[in-house]
Amino acid sequence: MAPGEKLDPLPDTFILQPPVFHPVVPYVTTIFGGLRAGKMVMLQGEVPLDARRFQVDFQCGCSLHPRPDIAIHFNPRFHTTKPHVICNTLHNERWQAEARWPRLALQRGASFFLLFLFGNEEMKVSVNGQHFLHYRYRLPLSRVDTLGIFGDILVKAVGFLNINPFAEGGSEYPVGHPFQLRSPRLEVPCSRPLPRGLWPGQVIVVRGLVLPEPKDFTLSLLDEAAHVLVTLRASFTDRTLTWVSSWGRKKLISAPFLFYPQRFFEVLLLCQEGGLKLALNGQGLGATSLGQQALERLRELRVSGGVQLYCVHY
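First, a word on what this report is: a plain description of the structure on this page. Just so it is clear, the model here is predicted, and its values are computed rather than measured.

## Quick notes on the overall build of the protein
The secondary structure content of the protein amounts to 1 helix and 24 strands. The buried share of the protein, taken over its 314 residues, is 51%. Restricting the contact set of the protein to residue pairs at least 6 apart, pairs at least 24 apart contribute 65%. Total accessible area computed for the protein in this model is approximately 15,000 Å², and 50% of it derives from carbon and sulfur atoms.

Shown next as structure tokens:
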């Protein structure tokens, strides 16, 4: 990218934001691009032993006076005889009728992994990978632009994700893997073993942040002899995406270039019979061919280039 070059603004559907590690509660932040069907918010943390209650609010703004509307209020309560969760909506500073779930899937003194999945008409919540509740919207989801976390909770990470765009490998909560909190930023270049190779339905997830002055980004898959069988390469010089095969053949990916300096990114590779399908920031962008025998022989995943890595999962 030339000095002083101005990039076209990304459409809202492509906007992602970096994860936040160990925020201080109460914590309020803007949701980049707002909420829409197809987004997920991940919350990883721990409930203190003496916790009474906490709440996660998806708000329409962040004003103090008047109090903003809260489209979705998720409120676990531990101090009652029977711990439970309340969901509700605040509109014009008035609470509407409560929705209550009596079997609280969270415990005092225990770690948890919450995933909020936003559909067209309702939000679904999973706790530690298991579906827990669903709550129908009472205010338009498009009005939500702020996340607020309050009360008795220790937050280790907050992530903003997209639903897996691959119908073949889809499930209710497909890509909400916990972040690696002991080392939030992985070393680059990064290498990960693939002891069993790849098989149909498997999804590789790579999340990170592009550096201010990047040159390139590569994701390579190698066999047991350390031969590179296929590479996904992003060039920041000419802003192109290409597949590079083991014999050097290049195939240009005709799609928006979603790697922007100082922007968060998410790469998904879905393994299927005969090749790999690619998605960037939740948008499916095409596929490349790779024989099933070659997929089974793969033993290493390498990531390099001008990025900071937060997550490599497969």
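## Details of the packing of aromatic side chains
Taken as a whole, this structure holds 13 aromatic pairs when the rule is applied. Centre to centre, the rings of phenylalanine 236 and phenylalanine 259 are 6.2 Å apart; their planes meet at 80°, and the pair counts as edge-to-face. Linking phenylalanine 236 in the loop between strand 17 (228-235) and strand 18 (240-245) with phenylalanine 259 in the loop between strand 19 (250-253) and strand 20 (264-272), this pair joins segments that are 23 residues apart in sequence. Pair check on accessibility: phenylalanine 236 and phenylalanine 259 agree, each one buried. Among the aromatic residues, ring-to-ring pairing joins Phe217, Phe236, Phe257, Phe259 and Phe265 into one connected group.

## Section: the nonpolar core
Ranked by size, the top nonpolar core spans 41 residues in total, and within it Phe58, Phe116, Phe118 and Met123 carry the most contacts. Counting residues in each nonpolar core, the second largest holds 38 residues, with Val210, Leu241, Ile253 and Leu298 among its members.

## Description of the pairing of strand 4 (residues 54-60)
Counting buried positions over the 7 residues of strand 4 gives 7, a clear majority of the element. Of the two faces of strand 4, the one carrying Phe54, Val56, Phe58 and Cys60 and the one carrying Gln55, Asp57 and Gln59 are both buried. As paired strands, strand 4 and strand 12 (residues 146-151) are joined by 6 bridges and run antiparallel to one another. In the strand pairing of strand 12, glutamine 59 is matched with threonine 146. Two elements, strand 4 and strand 5 (residues 69-77), share 5 bridges in a ladder whose sense is antiparallel. Residue pairing in the sheet places phenylalanine 58 in a bridge with isoleucine 72 of strand 5.

## With respect to the pattern of salt bridges
The tally for this structure, following the rule as stated, stands at 7 salt bridges. Here lysine 156 and glutamate 46 are joined by a salt bridge, their closest N and O atoms 4.0 Å apart. Of the two residues, lysine 156 is situated in strand 13 (residues 154-162) and glutamate 46 in strand 3 (residues 39-46); the sequence distance between them amounts to 110 residues. Accessibility expressed as a relative area gives 26% for lysine 156, which makes it partly exposed. Residue glutamate 46 is classed as partly exposed on the basis of its relative accessible area, which comes to 25%. When the shortest N-O distance is used, the salt bridge between glutamate 98 and arginine 77 registers 3.9 Å. Taken as a pair, glutamate 98 in the loop between strand 7 (94-95) and strand 8 (99-101) and arginine 77 in strand 5 lie far apart in primary sequence, 21 residues in all. Residue glutamate 98 is classed as partly exposed on the basis of its relative accessible area of 45%. For arginine 77, a relative accessible area of 16% gives the class buried. A single network of salt bridges, built from pairs that share partners, joins Arg77, Glu98 and Arg100.

## So, the sheet that holds strand 9 (residues 111-118)
Hydrogen bonds between backbone atoms are what pair the strands of a sheet, whose relative direction is either parallel or antiparallel. Pairing is antiparallel in the open sheet, where 6 strands are placed in the order 1-13-3-9-10-11. Single-partner strands in this sheet number two, and they are strand 1 (20-21) and strand 11 (130-136). Pairing of strand 10 (residues 122-127) with strand 11 involves 6 bridges; the strand directions are antiparallel. Directly across from serine 126, in strand 11, lies its bridge partner histidine 131.

## Section: the environment of leucine 141
Mapped onto the fold, leucine 141 is located in the loop between strand 11 and strand 12. Sequence separation between leucine 141 and phenylalanine 58 is 83 residues, and the spatial gap between their C-alpha atoms is 9.2 Å. If sequence neighbours within four positions are ignored, leucine 141 has contacts with Leu35, Arg36, Ala37, Phe118 and Gly119.

What counts, and at which threshold
Residues numbered from 1 in each chain as written. Predicted model: local features only at pLDDT ≥ 70, side-chain atom pairs only at ≥ 80, totals over all residues. Heavy atoms only, no water. Helix = DSSP H or I, 4+ residues; strand = E, 2+ residues; numbered from the N terminus. Buried < 20%, exposed > 50% of the residue type's maximum accessible area, 1.4 Å probe, protein only. Contact = heavy atoms within 4.5 Å. Areas by Shrake-Rupley, 256 points an atom, 1.4 Å probe, with all protein chains shown as cover. Phe/Tyr/Trp six-rings, centres within 6.5 Å; stacked < 30°, edge-to-face > 60°. Core = buried A, V, L, I, M, F, W, Y, C linked by side-chain atoms within 4.5 Å. Pairing = 2+ DSSP bridges. Salt bridge = Lys/Arg side-chain N within 4 Å of Asp/Glu carboxyl O.

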